[in-house]
Amino acid sequence: MFHIKFINKKRVIYSDIIPETEHFFTTRETVIRSHEEGLQRLVRQNKKDIANYLDIDKKFLISPTQTHSDNVRLASKRIKYYPNTDSLIDDETDIAIYLNFADCTPIVLYDKEHNVGAIAHAGWRGTAAQIVQKTAALMQSEYYTKPENLYAVIGPTIAICCYCVGEEVFEQLKSTISDIEPYNRQIYEKIYIDLKGINKQQLIEFGVPKNNIDVCPYCTSCNNDLFFSYRKEYGTTSRHSAVLKLNKQKADI
Ligand SMILES: [Zn+2]
């Protein structure tokens, strides 16, 4: 289930399914990524507030250059730049990773057994390329993550009420899961797609238990007062972010 909490009196949302981590989705109030000149002061202040909240140095707020690819990389405080990367895996407790979104699906993954997490960026391209499964597979090969110990938080996304796609996109998404039927609606020859649902189904087909997946109820277009929407705002450069920081486990302290 999703809840609202406050960082310096400004809203972020989070799921209670992975209380072992510090994770949240920023809102318009807590924006940390925008090219709009008028927002730069707010972005700087929010980055400072979030670093303070997470108790890390601001330079360890790590974010890749997203390109709608299916490239997954391991984050590290020794690496500053992550070009052409749309999913980051993290096993370090003194950094935080974040990725940026305006309609695309943010997915936070967490392996409770090994204290390893990840954030994937799944727009239609990332979803068609099954980036969330690729991320889980890399966690499996690098950290011996078992699908049954994997938890997923699917964040605010343009939802089936508003996400209309063409035939070609539909066909690509359809081939990623066994049955697209529950995740699309055809209204007057227009196809509406449930990106959150398709990513959830991809995780289930990977072996993640259904009850380990929490899906955010918000649509970024309908809830444009709280989140950014690339479609509704005609190509805005502002983004809300998915943020994840691992906590030290008792054994590490
Ligand atoms: Zn909507």
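Everything here concerns the structure above.
Quantities reported herein were computed from a predicted structural model and do not represent experimental measurements.

Calculation rules
- Residues numbered from 1 in each chain as written.
- Predicted model: local features only at pLDDT ≥ 70, side-chain atom pairs only at ≥ 80, totals over all residues.
- Axes fitted to C-alpha atoms, helices over the stretch in contact; angles between N-to-C directions.
- Helix = DSSP H or I, 4+ residues; strand = E, 2+ residues; numbered from the N terminus.
- Left-handed = near helix turned anticlockwise from the far one by under 90°.
- Contact = placed C-beta atoms within 7 Å.
- Pairing = 2+ DSSP bridges.
- Buried ≥ 20, exposed ≤ 12 C-beta atoms within 10 Å, placed from the backbone.
- Core = buried A, V, L, I, M, F, W, Y, C linked by C-beta atoms within 7 Å.
- Expected span 1.5 Å × (residues − 1).

Things to note about the packing of helix 3 (residues 131-143) against helix 5 (residues 195-206)
The interhelical angle for the contact between helix 3 and helix 5, taken along N-to-C directions, is 35 degrees, at an axis separation of 9 Å. Between helix 3 and helix 5 the crossing geometry is right-handed. The segment helix 3 lies against helix 5, with Val132, Gln133 and Ala136 engaging Asn199, Gln202, Leu203 and Phe206.

Brief notes about the sheet that holds strand 14 (residues 213-215)
Read across the sheet, 6 strands follow the order 5-6-9-8-10-14 without closing on themselves; strand pairing throughout is mixed. Each having just a single partner strand, strand 5 (72-74) and strand 14 make up the two edges of the open sheet. Ignoring which end each strand starts from, the neighbouring axes of this sheet average 15 degrees apart. Here 3 bridges tie strand 10 (residues 150-154) to strand 14, and the two strands are oriented parallel to one another. For Ala152, the partnering residue across the bridge sits in strand 14 and is Ile213.

Here we look at the sheet that holds strand 1 (residues 2-7)
In a beta sheet, neighbouring strands are held together by backbone hydrogen bonds and run either parallel or antiparallel to one another. With respect to topology, 6 strands assemble into an open sheet ordered 1-2-3-15-7-4, the strand pairing being mixed. Among the strands making up the open sheet, the edge pair consists of strand 1 and strand 4 (61-62). By the bridge criterion, 6 bridges tie strand 1 to strand 2 (residues 10-15) in an arrangement that is antiparallel. Note on strand 2: the bridge partner recorded for Phe6 is Arg11.

Some words on the pairing of strand 9 (residues 116-122)
Look at any regular strand and the pattern is simple: side chains alternate between the two faces of the sheet. A large share of strand 9 lies buried, amounting to 7 of its 7 residues. Of the two faces of strand 9, the one lined by Val116, Ala118, Ala120 and Ala122 and the one lined by Gly117, Ile119 and His121 are each fully buried. Inspection of the sheet shows strand 8 (residues 105-111) paired to strand 9 by 7 bridges, in the antiparallel sense. Each bridged residue has a counterpart across the sheet, and for Pro106 the counterpart in strand 9 is His121. Hairpin connection, strand 8 to strand 9: the antiparallel pair is bridged by 4 residues, and Asn115 has positive phi, about 55 degrees.

Details of the pairing of strand 1
Burial analysis of strand 1 places just 0 of its 6 residues in the buried class, which makes it a mostly uncovered element. Linking strand 1 back to strand 2 in an antiparallel pair, the connection comprises 2 residues, with Asn8 at a positive phi of about 50 degrees.

Brief notes about unusual backbone geometry
In this structure, Asp55 takes a positive phi of about 60 degrees despite not being glycine. If you trace the backbone, Asp55 turns up in the loop between helix 1 (40-54) and strand 4. What makes Asp55 exposed here is the crowd of 10 C-beta atoms within 10 Å. Unlike most non-glycine residues, Asp103 shows phi in positive territory, near 110 degrees. Here Asp103 lies in the loop between strand 7 (96-101) and strand 8. Given 25 C-beta atoms within a 10 Å radius, Asp103 is considered buried.

Some details on the nonpolar core
Looking at soluble globular proteins, one finds that nonpolar side chains tend to be buried together. Grouped together as the largest cluster of nonpolar side chains are 65 residues, with contacts concentrated most on Ile119 and Ala152. The contacts of Ile119, once residues within four sequence positions are left out, are Ser87, Leu88, Ile97, Leu99, Pro106, Ile107, Val108, Ala242 and Leu244.

Quick look at helix 5
The terminal C-alpha atoms of helix 5 lie 17 Å apart, and with 12 residues this matches the ideal 16 Å at 1.5 Å per residue to within 8%. Most of helix 5 sits inside the fold, with 9 of its 12 residues counted as buried. What helix 5 keeps buried is the set Leu195, Lys196, Gly197, Ile198, Asn199, Lys200, Gln201, Gln202 and Leu203.

Remember, this is a structural readout, not a statement about activity or role.
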